[in-house]
Amino acid sequence: MKSTFFGLEIARRGLMTQQTALQTVSHNIANANTPGYSRQRVNFVQTEPYPAASLNRPQIPGQMGTGVEAGSIERVRDHFLDVQYRGENNKLGYWQTKQEALKKMEEIMNEPSESGLSQTMDLFWQSLQDLAVNPMNPGARSVVRQRGIAVAETFNYLSSSLNGVRQDLKNEIEVTEKQINSLLQQIHQINNQISDVEPHGYLPNDLYDERDRLLDELSQLVNIQVTYKKNDGNSKAIAEGKAIVKLVTDGMPGATLVDALGYNKVTINFSGSSDTVNEISVGSTVIRADNFTYSGKLRGLIDSYGFEDGSGNVKGIYPNMLAELDSLAYTFAVRFNEQHEDGKSPNVIDGTSTSVPPFFKDKENGTIDGTTPKEGFARRMAIADEILADLNNIANADASNPVHGDAQNIIKLANIIVSEKLNYRTYPSTFKDYYESVIGDMAVQSQEAVRLSSNSNVLREAVEQRRMSMSSVSLDEEMTNMIQFQHAYNAAARMITLQDELLDRIINGMGTVGR
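Residues numbered from 1 in each chain as written. Predicted model: local features only at pLDDT ≥ 70, side-chain atom pairs only at ≥ 80, totals over all residues. Heavy atoms only, no water.

Draft legend 1. Quick look at the sheet that holds strand 3 (residues 224-229). Taking strand neighbours across the sheet as the criterion, the 3 strands line up as 3-4-5 in an open arrangement whose pairing is antiparallel. The sheet is open, and its two borders are formed by strand 3 and strand 5 (252-258), each paired with just one other strand. Mean inter-strand twist for the sheet, computed between neighbouring axes without regard to direction, equals 35°. Both strand 4 (residues 242-249) and strand 5 contribute to a ladder of 4 bridges, which runs antiparallel. Bridge pairing in strand 5 places V248 opposite P253. (Pairing = 2+ DSSP bridges. Helix = DSSP H or I, 4+ residues; strand = E, 2+ residues; numbered from the N terminus. Axes fitted to C-alpha atoms, helices over the stretch in contact; angles between N-to-C directions.)

Draft legend 2. Here's a closer look at the environment of Q447. Within the element layout of this structure, Q447 appears in helix 12 (residues 431-471). Taking the relative accessible area as the measure of exposure, Q447 reaches 58% and is therefore exposed. A C-alpha to C-alpha distance of 9.7 Å links Q447 and K103, two positions 344 residues apart in sequence. (Buried < 20%, exposed > 50% of the residue type's maximum accessible area, 1.4 Å probe, protein only.)

Draft legend 3. Main features of the environment of A11. Turning to its location among the elements, A11 is positioned in helix 1 (residues 6-30). Each C-alpha atom of the pair A11 and Q499 lies 8.5 Å from the other, and the pair is 488 residues apart in sequence. Setting aside anything within four residues of it in sequence, one finds A11 in contact with A492, M495 and I496. (Contact = heavy atoms within 4.5 Å.)

Draft legend 4. Region of the structure containing helix 11 (residues 408-418). Buried within helix 11 are the following residues: N409, I410, L413, A414, I416 and I417. The arc that holds every buried residue of helix 11, seen down its axis, measures 145°, which confines them to one face. Taken together, the buried residues of helix 11 touch helix 3 (117-133), helix 7 (317-342), strand 13 (422-423) and helix 12. (Arc of directions from axis to C-beta.)

Below is the structure:
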């Protein structure tokens, strides 16, 4: 037999459930502008009907409903969109980093312009042409010396500036390393908090949101794969459990960053000899830099700063450009010195000096010869002390015609800049043509980085828009829900009033008929 208070209990359940829904709406509205927040909803569940199936069930026409309850409060989120977002976010982190590195390089190289290396070499060549017209003119000789100083200083400036940015990239790698480890630690701590709540049958939605926000941030730094491990106890079927985070390379999961028990610290190891990234350690797992084929900001920084491959060769955007500058400066200086020393200077012709000095020198190692290290030469290039001391040490005459008015050696020196092919870093070419190819390669890389960065940003924003349309708080929708639940709450309250009137008639009015 049904209880006298059966209807009152149904109304009470409806009242409490609608109140829970209104409180959830209030929570959504309060967090409308909270970063990473996903709107929440109450899952209404019918309570068990009366009577339950049994042998001694009352003989009534059928089961009757007993009301409603809040089965769970879950957040509205599509994990598939999260995977898509993190994939595009990862690509964007990589290409944005390369774009920024190449942009800084373009600003330093400053080509084409009136102050770049190309223009400086053109002015040096022009000064040699002017000297060839009047080989004994002190003013023309002084201009050649000053233009030569400008060439050396331009190489010094470019090399020092690129090394300065490269040092900034190293600092940024170290900052990114700390940022990754901080995120891993926070994700691990949230995993622990979630594992304390879920076994009691609750859904820690706000902790889920914070963890997803951290995973989104981590995905821009390194490529990750996220899986989940259920917690024991009385966890709900829709509980997410602990997040297991792994690095991903070539579409396959690799080293584990966060597992059910803790997290593995990421360490970037630099090589002392070449000052490049040598290895990346993830806990006890060591990954060689050239095998660290993950995308993301960290990979972009390593590609820009430089790393060692399996053979010990240095690769990277900035090491490659520095090597090109060193090759240009060294090859040109060696050949220019050879031709200069093959000629005759006024001091040699007059007998004041017995030999022609080199035109360029190495600031740290002195004379440029076969033992002079090529690496870093662009930073060390300078004019020889003898040229700085005496303009008459500039060799203008050919050895076969040692007279003051001869300019054959000056013409040969000028041809080294514009027409003579030398073995630079990768193939024989004139100085101007090879330098233009180096600048062209840089421009193509920069253009590609800009294009792919823009594409990645568009794709990420498209996924983010779809994700926001599902998970973000819409104030209009929440206001609609608020009105809906408020009316239901009012109706449930009216049912309680009605049941109270019925019970009042039974309790206080029964047996008073006829009065």
